[in-house]
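Overview (structure and organization)
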Amino acid sequence: LQLRFMNRTFEPTFHKKTKMIFANCALDSTIFKANEPAESAELNPPNWPASVHIIDSTKSDEEIQDELDGLQEQPTIITSDMTSNQDLIGTKQFVPTEHFSSERKVIFFEPREEPYKVDVQVGYYVQVAGLGASAKDVKFADNGAEKKKGPYCPAYFNTKLKGLTTLDTFWRSAENYSNLTKDGQLWAVSQAAPIRRIHTVNDLNLNDKGAQSSGGHLANVQVDGALVFGSQQQFCSRSVTVGNSGAINLGAWSNVFVDTVAPEGCLKAPAAWNGAPFGENLSLETRANNWRAADWSTGSVDKDGASTTVNVPKTTVEKCFVAMETVADDSKKYFLHVPQPRIRSGDSPSPLGADLSGTTDDRRPFENVYVALADAGDDIDYDVARKINIALRQGKDIVLSPGIYHLQESINIVKKDQVLLGIGMATLAAPPNGEPCIRVATGTEGVRIGGIMFAASKINKGLFFSPKTTAFIEFGKEGVADAGNPSNPGVLSDIFCRVGGDLDREVSTDVMVRIHQGNVIGDNLWLWRADHVELAADESPNFPDMNLDYHQVVMGECPGKTGLEVNGDNVVIHGLAVEHTQEDQVVWNGNDGQVYFYQCELPYDVDQNFGAKNFVGFRVNGENHQLGGAGVYSNFRDYNVLVKTGIVHPKAFDSKVVINPFIVHLNNGGRIMTVVSDGSTYGGGPVYDADHMICKYNPKAEDEKMHESEKEEMEENTMVRQTSWGWISEKLASPFRGSRPTSPTGLASQ
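Read on for an overview of the structure. (Residues numbered from 1 in each chain as written. Predicted model: local features only at pLDDT ≥ 70, side-chain atom pairs only at ≥ 80, totals over all residues. Heavy atoms only, no water.)

Concerning the nonpolar core
The biggest cluster of nonpolar side chains holds 93 residues, and the ones touching the most others in it are Ile-438, Leu-576 and Tyr-598. Among all residues touching Leu-576, those that are not within four sequence positions of it are Leu-525, Leu-527, Leu-564, Val-586, Val-595, Phe-597, Tyr-598, Gln-599 and Phe-618. Within the second largest apolar cluster, 37 residues are counted, among which are Tyr-116, Ala-174, Ala-193 and Val-240. (Core = buried A, V, L, I, M, F, W, Y, C linked by side-chain atoms within 4.5 Å. Buried < 20%, exposed > 50% of the residue type's maximum accessible area, 1.4 Å probe, protein only. Contact = heavy atoms within 4.5 Å.)

Here it is as structure tokens:
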């Protein structure tokens, strides 16, 4: 039996004096309060841990490069026995050996007048950022005739595939600097690898030598040259300014531009303003030449590919960041910059683009910022959540230094306008008692959460099952009305959740992020149930034909039902990706929601139960919801699964509401049969097949017949399973669970 008291878990040993259990709990709580330290100022500069690397501006570039070489991944010389590609033989390439590393780090560059003339390869679980108040305070340039890159991320060489790829170039970021190099900014990445608050005076290349890329996010970026998406499948660009001499070369399947300033002709024109509501200020049509092929060997893609333009969003909010200043006595002081919301009114129809100055930021000194540490000396600090909560109750903001935080209780944000910022891919491992990593109290407006990874834990569910829906983030309280504040919205920036990845395949969560509060803004969320996890030391890949050095997740491993559940009204997300969960990937119950850019890959490991229960990539139950640039992919590896539709939306066939949706058949058997549905009618837009050509696919009569046949077989099997102990124990627990919408079949997962 588990006892819950004051958000703490107790597992007592029973004896005759059972009444003492509760007395001890109360006594423990009293001691906990009595021992809480008095409020005091934090150190400024803080005592940064070893995972925070500050590049001293007074050092020479040669000294700095030596230091950086010791912090970066090391390249490998490619030989003829590794590949037949003559262009790669003899070159140095990075090999992805740190894909599931437990190391986290941030590399901060101090501001200085002279540009840094160095190369900074940004590897797994690394953040590289300037410490200036403005992006111009930290600069990178060539060393005369010697070309330099500054911070960059190239494609990786995959030893099994014998070539370059960026399909799994995840979990890294680059922020807050200017790139003056002649070759421009190279950032060939996929999900959970944002680039923010930068200015490049030349090109920004989001692909490398045509290596396949699955998509990503850039925000608050100024590009004076060309913005080149190349081989990217999908990409979200939010508050980007492309200079007058620049250009935009679109990616493969879909691009979404929110609040983007670009030369005439670079972007498809949005709908005419004419005083129309913000929600109608969108591009409404798919480009006529959508039916085209891409040359993957060169990264050359038709410039005029599908795109969705959101000219004037209601509100945008930039991610918080750390800055350093040298004050009068030449000491170095740190500040937490909290950018203020940029709220558009009806008389300003033009996009605003990038804002790199920092002049309107709320500048908070680190005397009121608690810097959390994941470790206590050489040991894991299992008490870290309690320490963070004390600081939050004292009204302080929190910076999570790089590391993996093994939470034993939730982090509770209880005051308005508080910031919880992770640096260096700081990772919160969920409490094993099923509590969320972060809980935002009802009525707490203006909360900023950003730059944090979340990892699932093995949940101790007690006698039956957990009587609650487990989640990483509970923003507000389920069932409690909380409108939020449109002038001071809550913000989620760079939120990266994963269920699985490390060796433990019994980790789980029900819903990764639940938003109950209204007027919350999301900016770059990747909610990932693992399709692959780390191999044990003596383990071989379970799918050797896939040429990947991972264990491929199979049914029963790393369970997770849904990525995102939204119950609040007026919630807006710019850049959302949800992958591989075992039920609906997204359930949107709130009204007046908006999502611009959505990327989804359905689970590889499900059987026809998934299709028969009508689970989908995106389900809208609320009213007046707009969805722009949404793609849902299928790769049913283990079974030939037929899914009726990718997106369910009440206004599925209104092109002013659901803009440029599409589906992709990546590989293997099965198929998503239609793009969109309003719940009764099925149909929709373009379908990309496995050969990367676009084709129209309409379900054939035999497909529908097979779908109905397998649905009947699934229902027969369900009757058999209902006599099993697993089904009975689930039903015993279900009355205690919070209510959650199910698919139209009414069947819950079993």
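With respect to the sheet that holds strand S18 (residues 226-228)
Read from one edge of the open sheet, 4 strands run S14-S16-S18-S20, paired in parallel fashion. Each end of this open sheet is capped by a strand with a single partner; those strands are strand S14 (185-186) and strand S20 (247-249). In the sheet, strand S16 (residues 204-205) pairs with S18 via 2 bridges, with the strands oriented parallel. Of the residues in S18, the one forming a bridge with Leu-204 is Leu-227. (Pairing = 2+ DSSP bridges. Helix = DSSP H or I, 4+ residues; strand = E, 2+ residues; numbered from the N terminus.)

A word on the environment of Thr-509
Within the secondary structure, Thr-509 sits in strand S40 (residues 509-515). We classify Thr-509 as buried; its relative accessible area is 4%. Along the primary structure Thr-509 and Arg-529 are separated by 20 residues, whereas in three dimensions their C-alpha atoms are 9.4 Å apart. Engagement of the side chain of Thr-509 in a polar contact is seen with the backbone oxygen of Thr-470, the distance being 3.4 Å. (Polar contact = N/O pair within 3.5 Å; in protein donor to acceptor, adjacent residues only side chain to side chain.)

Quick look at the layout of surface pockets
Taken as a whole, the largest pocket holds about 1,200 Å³ of empty space. Leu-161, Thr-165, Leu-167, Gln-212 and Leu-548 are the residues nearest the centre of the largest pocket, which is lined by 43 residues in total. No other element matches strand S12 (residues 163-165), which puts 3 residues into the lining of the largest pocket. Of the residues that constitute the lining of the largest pocket, the class distribution is 15 nonpolar, 20 polar and 8 charged. (1 Å grid on protein atoms, 1.4 Å probe; cavity = no way out; pocket = protein on both sides within 12 Å on 5 of 7 lines; lining within 4 Å. Points joined across faces, edges and corners; volume = space filled by probe spheres on them. Nonpolar A, V, L, I, M, F, W, Y, C, P; charged D, E, K, R; others polar.)

Brief notes about the packing of aromatic side chains
Across all of its chains, the model carries 26 aromatic pairs by this definition. Relative to Tyr-125, the ring of Tyr-124 lies with its centre 6.2 Å away and its plane at 40 degrees, an arrangement referred to as tilted. When sorted by exposure, Tyr-124 lands in the same class as Tyr-125, which is buried. A centroid spacing of 6.0 Å and a plane angle of 25 degrees characterise the contact between Phe-454 and Phe-472, whose relative ring orientation is stacked. Of this pair, Phe-454 sits in strand S37 (residues 448-455) while Phe-472 is found in the loop between S37 and strand S38 (473-475), placing the two residues 18 residues apart along the sequence. Put simply, the rings of Phe-100, Tyr-124, Tyr-125, Tyr-156, Phe-170, Trp-171, Trp-526, Trp-528 and Tyr-550 touch in pairs and so form one group of aromatic residues. Of note, Arg-112 hangs over the ring of Tyr-116, and the distance from its end group to the ring centre comes to 4.0 Å. (Phe/Tyr/Trp six-rings, centres within 6.5 Å; stacked < 30°, edge-to-face > 60°. Lys NZ or Arg CZ within 6 Å of the ring centre and 35° of its normal.)

Here we look at the environment of Val-511
With respect to the helices, strands and loops of the structure, Val-511 is situated in strand S40. Separated by 39 residues in sequence, Val-511 and Phe-472 place their C-alpha atoms 7.6 Å apart.

Let's talk about the pairing of strand S13 (residues 172-179)
Among the 8 residues in S13, 8 count as buried, and that is most of the element. Across 4 bridges, strand S8 (residues 126-130) lies against S13 in parallel orientation. In the strand pairing of S13, Ala-129 is matched with Glu-175. In terms of strand pairing, strand S9 (residues 139-140) meets S13 through 2 bridges, oriented parallel. Looking across to S13, one finds that Lys-139 is bridged to Ser-178.

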